[in-house]
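The lines below spell out each chain.
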Amino acid sequence: MSADHLPVRSRLVHDALRAAGIAGDIVVLPDAASTAVLAAEALGVEVGAIANSLVFWSDGEALLVMTSGAHRVDTAALAGRLGRGKIQRATPEQVREATGQAIGGVAPTGHPAPLVTVVDEALAAYPEIWAAGGTPHTVFPLTFDELVRLTGGTVAQVD
């Protein structure tokens, strides 16, 4: 499917998906799905199958955490597991600078440069997961293994 109908940010994500050999098409939703609950409702899937893209700041750099929509990230526990200093939420400006995308639509790819990424091990329980496609109105399907390969992420418990 052509990506011409997609917003610019989503076209970047589409191109990165194709370059990685991932076939899932980006879907444009009629309403913004800027939270896991909204995305799950729009797609008719369990909230746990939504791969939330959360951007944090740690050790002077952005840290992307792809977490199941059913989980909250325990930043102190995650910092300990990863051997990092404090992990704190990135500001909207830091998110935009690191990803080129706005909060609520951050995709796991299509960023100006690769981000250090952690992938929630709980997402492996779902045969198909959905992630944001670069805007709050766009999402795409992929498998857990594809997400790990796409991001080069470290699989870990995040909650």
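Preceding this paragraph is the structure being described.
As the structure is a computational prediction, the values presented were derived from the model and not from experiment.

A. Inspection of the environment of Ala 132 at higher detail. By secondary structure assignment, the location of Ala 132 is in strand β6 (residues 129-132). A relative accessible area of 15% means that Ala 132 is categorised as buried. As for Ala 132 and Thr 151, which are separated by 19 residues in sequence, their C-alpha atoms are 14 Å apart.

B. Spotlight on the pattern of salt bridges. Applying the stated rule across the entire model yields three salt bridges. Among the ionic pairs, Asp 25 bridges to Arg 18, the shortest N-O distance being 2.6 Å. With a relative accessible area of 31%, Arg 18 lands in the partly exposed category. Measuring nitrogen to oxygen at the nearest pair gives 2.6 Å for the salt bridge that ties Arg 84 to Glu 61. Residue Arg 84 is found in the loop between α3 (75-82) and β4 (87-89), and its partner Glu 61 is found in strand β3 (residues 61-68); the two are separated by 23 residues along the sequence. Judged by its relative accessible area of 31%, Glu 61 falls in the partly exposed class. Here the residues in one salt-bridge network are Asp 59, Glu 61 and Arg 84, joined through shared partners.

C. Broad picture of helix α5 (residues 144-151). Every buried residue of α5 is accounted for by Phe 144, Glu 146, Leu 147, Leu 150 and Thr 151. Projected onto a plane normal to the axis of α5, the buried residues spread over an arc of 160° and lie on a single side.

D. Highlighting the nonpolar core. Counting 28 residues, the largest nonpolar core has Leu 17, Val 55, Met 66, Leu 123, Phe 140, Leu 142 and Leu 147 as its most contacted members. Setting aside chain neighbours within four positions, we find Leu 123 in contact with Gly 48, Ile 50, Ala 51, Met 66, Thr 67, Ser 68, Ile 129, Phe 144 and Leu 147. The next biggest cluster of nonpolar side chains, apart from the first, holds eleven residues, and it includes Leu 54, Val 73, Leu 78 and Val 118.

E. Spotlight on the environment of Asp 159. Examined against the element boundaries, Asp 159 turns out to sit in the segment after β8 (154-156). Along the sequence, Asp 159 and Ala 122 sit 37 residues apart, while their C-alpha atoms lie 9.5 Å from each other. Other than its neighbours up to four places away in sequence, Asp 159 contacts His 71, Arg 72, Asp 74 and Arg 81.

Basis of the calculations
Residues numbered from 1 in each chain as written. Predicted model: local features only at pLDDT ≥ 70, side-chain atom pairs only at ≥ 80, totals over all residues. Heavy atoms only, no water. Helix = DSSP H or I, 4+ residues; strand = E, 2+ residues; numbered from the N terminus. Buried < 20%, exposed > 50% of the residue type's maximum accessible area, 1.4 Å probe, protein only. Salt bridge = Lys/Arg side-chain N within 4 Å of Asp/Glu carboxyl O. Arc of directions from axis to C-beta. Core = buried A, V, L, I, M, F, W, Y, C linked by side-chain atoms within 4.5 Å. Contact = heavy atoms within 4.5 Å.

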